[in-house]
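The primary structure of each chain is shown beneath.
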Amino acid sequence: MNKHAILHKSDSIYSFALNPETAELRLRAAKGDILSAEVIYGQKHEFGTHRKTAPMNISATDGLFDYFTVRLRLDDKRLAYIFLLTDTEGNKHYYSEDGLTDTYDFSLAFYNFFQLAYINENDVLPQCEWLSRAVVYQIFVDRFCRGENSGVGDYINIKWGQKPTSKSFAGGNLDGITQKLDYLCDLGINTLYLTPIFTSKSNHKYDISDYYNVDPHFGGNAAFDRLMTACKARGMRVILDAVFNHCSENLKEFQDVCEKGQASPYFDWFVIHGDRPTKRPLNYEVFASCDYMPKWNTANPEVQEYLCRVGEYWIKEYGIDGWRLDVSDEVSHEFWRKFRRHIKALGSDKVLIGENWHDSASYLGGDQFDSIMNYAFTKAMLDYFAGGTLSVQGLCSKLNGLLMRNMTHVNHMMLNLLDSHDTHRFYTECGKDENKLLLALAVETFMPGATMIYYGTEILTEGGYDPDSRRCFDWNKDDPFKQKLKQLLKYKKLRALTEGDAVFREQGGALVIERIADGQKVTLIVNNTNNAVCVANTTVKPFGYKVIVE
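Keep in mind the model is a prediction, meaning the values are calculated, not measured.

Some details on the sheet that holds strand β17 (residues 322–325)
Right, so step 1: Read around the closed barrel, the 8 strands follow the order β10-β11-β14-β17-β18-β19-β20-β21; overall the barrel is parallel. Adjacent strand axes in the sheet meet at a mean angle of 25°, parallel and antiparallel pairs treated alike.
Right, so step 2: Where strand β20 (residues 415–417) meets strand β21 (residues 450–454), 3 bridges bridge the pair, whose relative direction is parallel. Residue pairing for β21: L417 is matched across the bridge by M452.
Right, so step 3: Those strands touched by helix α8 (residues 375–387) are β19 (371–374) and β20, and its axis lies near 20° from that of β19.

So this is what it looks like as structure tokens:
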């Protein structure tokens, strides 16, 4: 047995409360090393004399490890526990804070048992349950639809449908989205995620100069009010893009600093290495290498208050349902903790989704974000369906490993996606193979968490990297693929897909995903091969999928 592979940590992604009465424990071991695992547990002050035992099951397996999991219904919020492991040769080992031992002295257990010392209710990460049911449609506003009553606008510099450049303005606006809400509802969309809508000189609006006003290109605040009213009438939710890592050089506070230097009251609102900002040489922190996007100093309490007020305003005044947080991993943890307190005070169902592309456990402990954009899932889908660098077994390992990165209720709030305004179009990456796109969308739909569709996916919109991934929606194209996606998204309403645990496995060359909730089991069989496969007495044609509901 590989002793170095055994891992458990208290009060972590291996040990957490799902609610004040239920704890989930995980134990990692080398793949195939442990025949069985049990948890021995009890109230921590009585553990030496009164204990219970519960079996653990393998809930996930990746390329290197098995993950054993158990959920304990607790009579007391003070939990002590150790593990009893049986290896493949039948030998039994105890595992505590002292590591692996062949014997264990329960009379001295208070020195070395694992514990959840006390489950305080305000330390339990609440789950925004609507996110697990969400079918999110991401819209790059300038390219989705030009509202009928919007006029032309002298800022528009390309014809609708012309291939965009980084400086193109096509004239899409908020009234255009409002006019297409019934279309989106019919597709199965229940949540909108809009790229930034606030005043900005760019087409993408990620360089914001006024956080309190919708850009006139998009119709101003009145158009947003009309959109929100129409969404609420249809039961649709709206998530906006919060750009709090950086702003526009045209922001009045930054302009004041440019004019007055260190004499400006806003000098410390930004990160400047000198007496005043200069571009040649660049002496202030920016987003990427964009000198027109100065970075906020989110360690500054005044900046924190300013941005928190922005976050609150659009919830209080317009009733948005949460924020997607741009470049969130470059913003201070302290700010996000404060921002969460401000936003959650307005409603526990107001969501915070970070744009973190990497493992983000340090942000997902309940004090900062609810979840992140799941770009690690995107990469796995590309490797399997587009690149062919993952086998089906490798894909199962990857997806299982992603689930083990986070607490269970975080997984049910993840924003899963195949592509976005920041990536190549998945359809193009798959060589314009609509079967592969549909299979990938099926896997995404069956992943725990929200399902995000990038605008135009339903009509097989093509596109390379930015700006090519931000083409105009072709409203003259009515591709049959839309009906296939519409049929697929109906499964999102099944309880097993919103509440159930997920199991990934390979069988007969196919990817099999099971989602299981009390009283319901739903199985997805994905055949990404040239041959028909038979799984559970069900034949699946080449490059097809089947869903079994029990």
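A short note on the packing of α8 against helix α9 (residues 392–403)
Right, so step 1: One way to put it is that α8 packs onto α9 with a least axis distance of 10 Å and a crossing angle of 180°. Between α8 and α9, the interaxial angle falls into the category roughly antiparallel. Together, A376, F377, A380, M381 and Y384 of α8 and V392, L395, K398, L399 and L402 of α9 make up the contact between the two elements.
Right, so step 2: Split by residue class, the contact of α8 with α9 holds 9 nonpolar, no polar and 1 charged.

With respect to helix α6 (residues 301–318)
Right, so step 1: With 18 residues, α6 should reach 26 Å at 1.5 Å per residue; the first-to-last C-alpha distance of 26 Å fits that figure.
Right, so step 2: Along α6, the residues that are buried comprise V303, Q304, Y306, L307, C308, V310, G311, E312, W314, I315 and Y318.
Right, so step 3: Contacts made by the buried residues of α6 are with β12 (198–200), β13 (208–214), α4 (220–233), α5 (252–260), β17 and α7 (333–344).
Right, so step 4: Two to three positions downstream of the cap, the backbone nitrogen of E302 sits 2.7 Å from a side-chain oxygen, assigning the N-cap of α6 to N300.

Some details on the state of the cysteines
Right, so step 1: By the definition in use, this model includes 0 disulfides.
Right, so step 2: No disulfide involves C128; its sulfur sits 17 Å from the nearest other cysteine sulfur, which is in C308.
Right, so step 3: Just so you know, C145 is unpaired, no disulfide at all, and the nearest cysteine sulfur is the one on C472, 10 Å from it.

Some points on empty space enclosed by the protein
Right, so step 1: What the rule picks out here adds up to 3 cavities of 30 Å³ or more.
Right, so step 2: Around the largest cavity, the lining comprises 14 residues; the ones closest to its centre are I372, N374, A376, R405 and M414.
Right, so step 3: If you list the elements that add at least two residues to the lining of the largest cavity, you get β19 and α8.
Right, so step 4: No other element matches the 3 residues that β19 contributes to the lining of the largest cavity.
Right, so step 5: Residues that form the lining of the largest cavity fall into these classes: 7 nonpolar, 5 polar and 2 charged.

Concerning the layout of surface pockets
Right, so step 1: If you add up the space inside the largest pocket, you get close to 700 Å³.
Right, so step 2: Contributing to the lining of the largest pocket are 29 residues, with D11, D123, V124, L125 and G365 lying nearest its centre.
Right, so step 3: If you list the elements that add at least two residues to the lining of the largest pocket, you get β1 (15–19), β9 (114–116) and α7.
Right, so step 4: The element best represented in the lining of the largest pocket is β1, accounting for 3 residues.
Right, so step 5: Counted by class, the lining of the largest pocket contains 13 nonpolar, 10 polar and 6 charged residues.

Things to note about the nonpolar core
Right, so step 1: Y137, L174, L192, F224 and W323 are the most contacted members of the largest nonpolar core, which totals 143 residues.
Right, so step 2: Once you skip the residues sitting within four places of it in the chain, L192 turns out to touch Y137, I139, I177, L181, L184, L227, C231, M236, R237, V238 and I239.

Considerations on the packing of α6 against α7
Right, so step 1: Where α6 meets α7, the closest approach of the two axes is 9 Å, and the angle between their N-to-C directions is 35°. In this structure, α6 crosses over α7, and the sense of that crossing is right-handed. Residue-level contacts link P301, Q304, E305, L307, C308, G311, E312 and I315 of α6 to E334, F335, K338, F339, H342 and I343 of α7.
Right, so step 2: A per-class count over the contact of α6 with α7 returns 7 nonpolar, 3 polar and 4 charged.

Observations regarding unusual backbone geometry
Right, so step 1: Cis geometry is adopted by the peptide bond preceding P281, which originates at R280 and carries an omega value of 0°.
Right, so step 2: Its location among the elements puts P281 in the loop between α5 and β15 (286–287).
Right, so step 3: D466 connects to P467 through a cis peptide bond whose omega is 10°.
Right, so step 4: Along the chain, P467 turns up in the loop between β21 and α13 (481–489).
Right, so step 5: Backbone geometry at A288 places phi at a positive 50°, although glycine is not the residue there.
Right, so step 6: Exposure remark for A288: the relative accessible area of 58% places this residue in the exposed category.
Right, so step 7: Even without glycine at this site, A536 takes up a positive phi of about 55°.

Observations regarding the environment of I239
Right, so step 1: Looking at the secondary structure, you find I239 in strand β14 (residues 237–242).
Right, so step 2: In sequence terms I239 and L131 are 108 residues apart; their C-alpha atoms lie 11 Å from each other.
Right, so step 3: The contact partners of I239, leaving out residues within four places of it in the chain, are W130, T191, L192, Y193, L194, G322, W323, R324, V351 and I353.

Describing the side chain of D175
Right, so step 1: Mapped onto the elements, D175 comes out in helix α2 (residues 174–179).
Right, so step 2: In terms of polar contacts, D175 uses its side chain to reach the side chain of R226, at 2.9 Å.
Right, so step 3: Residue contacts for D175: discarding those within four places in its chain leaves G147, A223 and R226.

Points about the sheet that holds strand β27 (residues 544–549)
Right, so step 1: Pairing is antiparallel across the open sheet formed by 4 strands, whose spatial order is β22-β23-β24-β27. The outermost strands of the open sheet, each flanked by one partner alone, are β22 (501–507) and β27. Here the average twist between neighbouring strands, direction ignored, is 15°.
Right, so step 2: Two elements, β22 and strand β23 (residues 510–517), share 7 bridges in a ladder whose sense is antiparallel. Within the sheet, the bridge partner assigned to Q507 lies in β23 and is A510.

Examining the side chain of N356
Right, so step 1: Within the secondary structure layout, N356 lies in the loop between β18 (351–354) and β19.
Right, so step 2: Separated by 3.5 Å, the side chain of N356 and the backbone nitrogen of D329 make a polar contact.
Right, so step 3: Other than its neighbours up to four places away in sequence, N356 contacts S328, D329, Y363, F369, I372 and M373.

Procedures and definitions
Residues numbered from 1 in each chain as written. Predicted model: local features only at pLDDT ≥ 70, side-chain atom pairs only at ≥ 80, totals over all residues. Heavy atoms only, no water. Pairing = 2+ DSSP bridges. Helix = DSSP H or I, 4+ residues; strand = E, 2+ residues; numbered from the N terminus. Axes fitted to C-alpha atoms, helices over the stretch in contact; angles between N-to-C directions. Contact = heavy atoms within 4.5 Å. Parallel < 35°, antiparallel > 145°, perpendicular 65-115°, else oblique. Nonpolar A, V, L, I, M, F, W, Y, C, P; charged D, E, K, R; others polar. Expected span 1.5 Å × (residues − 1). Buried < 20%, exposed > 50% of the residue type's maximum accessible area, 1.4 Å probe, protein only. Polar contact = N/O pair within 3.5 Å; in protein donor to acceptor, adjacent residues only side chain to side chain. Disulfide = S-S within 2.5 Å. 1 Å grid on protein atoms, 1.4 Å probe; cavity = no way out; pocket = protein on both sides within 12 Å on 5 of 7 lines; lining within 4 Å. Points joined across faces, edges and corners; volume = space filled by probe spheres on them. Core = buried A, V, L, I, M, F, W, Y, C linked by side-chain atoms within 4.5 Å. Left-handed = near helix turned anticlockwise from the far one by under 90°.

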